[in-house]
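Now for the letters of each chain:
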Amino acid sequence: MKKDPIRLVQISDIHLFADKQKALLGVKTYDSFLAVLDHVKSCTKQPDHIILSGDLSQDYTKDSYTHLIQLLTNLPQTVYFVPGNHDQPELISSFFPQKNISKLKQIILEDWQLILLNSQKPNRVSGYFAEEELNFLEKCLKEYPNHRSIIIFHHHPVSVGSQWLEKLGVTNADVFWSLLRNFSNVHTIFFGHIHQEHEGSKQNIKYYSVPSTCIQFKINSDHFSLENLPQGYRWIDLYPDGQLKTGVIRLDHYIGEFQKEAKGY
Ligand SMILES: [Fe+2]
């Protein structure tokens, strides 16, 4: 009998506030996240696992994480996460694990391996892989040489075509890419941070980003600018024969008030 693929859903850049009514450049981030979650829940094909790829909070508050927990702990799936530049590592550690929200960073799913990395550099918008993260990555890749490995983290490890985002990715991405050269079991990379859909390939490894659940950044823009595209998320299907299929789903309309003239946040 043909086996169904394992379905993952990647949700990113939620930017929740302590105040559920507070908006980020015209978008009430609680409402837009709720709309994305409702969309995920309404799909016929339900995910087996959900991964949050950073920037869970916007204001580094306990209440923002409490809202997140309230919305996620009634889901039937296990939820995994990585921190973004807007997250407070100590706060996150004090909240998780909790019920279905796991702190695991190495997940084995049949012949697949998910490796979740922290690319956060304290007090910086840009990212960085600390030595312990790179050591962890290396350990996981060595440990399961025959598993197809998926690596997930927050910051972009490649240029994404926008001048202003150039310096805000993983600043030591060269070390990361040279480490990957030693392994043939890296299948695909997924990240958040850039609030837009993007894909490419490097060293024969495919990589993908995902829209945010709140504001969307303008594609190929040299300066900060918003894109009038609805909020969304990514689905990822992992097949037993090694195929990976993925795509982005957007809501049918923009949640909030689109701010064409926004210059930053
Ligand atoms: Fe973000």
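Scroll up for the structure.
In what follows, the accompanying structure is described. Quantities reported herein were computed from a predicted structural model and do not represent experimental measurements.

## Considering the overall build of the chain
Line of reasoning, step 1. In terms of regular secondary structure, the chain is built from five helices and 13 strands.
Line of reasoning, step 2. For 265 residues, the compact-globule estimate of 2.2 N^0.38 gives 18 Å, and the C-alpha radius of gyration of the chain, at 17 Å, lies within 12% of that figure.
Line of reasoning, step 3. Over its C-alpha atoms, taken along the principal directions, the chain stretches across nearly 45 × 40 × 35 Å.
Line of reasoning, step 4. Burial status across the chain gives 36% buried among its 265 residues.
Line of reasoning, step 5. Pairs at least 24 residues apart make up 70% of the contacts formed inside the chain by residues separated by at least 6 positions.

## Topic: the environment of Tyr254
Line of reasoning, step 1. Of note, Tyr254 is situated in the segment after β13 (244-250).
Line of reasoning, step 2. Here Tyr254 falls in the partly exposed class, since 19 other C-beta atoms lie within 10 Å of it.
Line of reasoning, step 3. When the C-alpha atoms of Tyr254 and Leu229 are compared, they prove to be 6.4 Å apart, with 25 residues separating the residues in sequence.
Line of reasoning, step 4. Discounting residues that sit within four places of it in the chain, Tyr254 has contacts with Asn228 and Pro230.

## Digging into the sheet that holds strand β7 (residues 112-116)
Line of reasoning, step 1. Pairing in this open sheet of six strands is mixed, and the strands run β6-β7-β8-β9-β11-β10 from one edge to the other. The open sheet has two edge strands, β6 (106-109) and β10 (199-202), and neither has a second partner. Going from strand to strand, the sheet's axes swing by 20° on average, the running direction of each strand aside.
Line of reasoning, step 2. In terms of strand pairing, β6 meets β7 through four bridges, oriented antiparallel. Each bridged residue has a counterpart across the sheet, and for Gln106 the counterpart in β7 is Ile115.

## A look at helix α2 (residues 62-72)
Line of reasoning, step 1. Among all positions in α2, only Ser64, Tyr65, His67, Leu68 and Leu72 are buried. Buried residues of α2 fall within an arc of 155° about the axis and therefore sit on the same side.

## Thoughts on the packing of helix α4 (residues 131-143) against helix α5 (residues 173-180)
Line of reasoning, step 1. In the contact formed by α4 and α5, the axes pass within 11 Å of each other and the chain directions differ by 15°. In this view, α4 runs roughly parallel relative to α5, as classed from their interaxial angle. At the point where α4 passes α5, the crossing takes the right-handed sense. Mapping the contact onto sequence places Leu134, Leu137 and Glu138 in α4 and Val175, Phe176 and Leu179 in α5.

## Examining the pairing of β7
Line of reasoning, step 1. Counting buried positions along β7 yields five of five residues, so the element is predominantly enclosed.
Line of reasoning, step 2. Alternating residues of β7 divide into Trp112, Leu114 and Leu116 and Gln113 and Ile115, and every residue in both groups is buried.
Line of reasoning, step 3. Linking β6 back to β7 in an antiparallel pair, the connection comprises two residues, with Glu110 at a positive phi of about 50°.
Line of reasoning, step 4. Sheet topology note: the β7/strand β8 (residues 148-153) ladder contains five bridges and is parallel. What sits directly across from Trp112, in β8, is Arg148.
Line of reasoning, step 5. One crossover worth recording links β7 to the parallel β8 by way of α4, and it is right-handed.

## A closer look at the environment of Ser225
Line of reasoning, step 1. When you line up the elements, Ser225 lands in the loop between β11 (205-208) and β12 (232-238).
Line of reasoning, step 2. Here Ser225 falls in the partly exposed class, since 16 other C-beta atoms lie within 10 Å of it.

## So, the environment of Thr61
Line of reasoning, step 1. Its place among the elements puts Thr61 in the loop between β4 (49-53) and α2.
Line of reasoning, step 2. It is 9.1 Å that separates the C-alpha atoms of Thr61 and Leu16, two residues lying 45 residues apart in sequence.

## Side note on the pairing of β11
Line of reasoning, step 1. As paired strands, strand β9 (residues 186-191) and β11 are joined by three bridges and run parallel to one another. Paired with Phe190 across the two strands is Tyr208, which belongs to β11.
Line of reasoning, step 2. Pairing analysis gives four bridges linking β10 to β11, with the strands arranged antiparallel. Note on β11: the bridge partner recorded for Lys202 is Ile205.
Line of reasoning, step 3. Joining the antiparallel neighbours β10 and β11 is a turn of two residues, in which Gln203 adopts a positive phi near 50°.

## Considerations on the sheet that holds β13
Line of reasoning, step 1. On the basis of which strands lie adjacent, the open sheet formed by five strands has the order β5-β4-β1-β12-β13 and mixed pairing. Unpaired on one side and paired on the other, β5 (78-82) and β13 mark the two borders of the sheet. Ignoring which end each strand starts from, the neighbouring axes of this sheet average 20° apart.
Line of reasoning, step 2. As paired strands, β4 and β5 are joined by five bridges and run parallel to one another. Its bridge partner being in β5, Ile51 is matched across the sheet by Tyr80.

Cut-offs used in this document
- Residues numbered from 1 in each chain as written.
- Predicted model: local features only at pLDDT ≥ 70, side-chain atom pairs only at ≥ 80, totals over all residues.
- Helix = DSSP H or I, 4+ residues; strand = E, 2+ residues; numbered from the N terminus.
- Rg over C-alpha atoms; globule rule 2.2 N^0.38 Å.
- Buried ≥ 20, exposed ≤ 12 C-beta atoms within 10 Å, placed from the backbone.
- Contact = placed C-beta atoms within 7 Å.
- Pairing = 2+ DSSP bridges.
- Axes fitted to C-alpha atoms, helices over the stretch in contact; angles between N-to-C directions.
- Arc of directions from axis to C-beta.
- Parallel < 35°, antiparallel > 145°, perpendicular 65-115°, else oblique.
- Left-handed = near helix turned anticlockwise from the far one by under 90°.
- Right-handed = clockwise from strand over helix to strand, strands pointing away.

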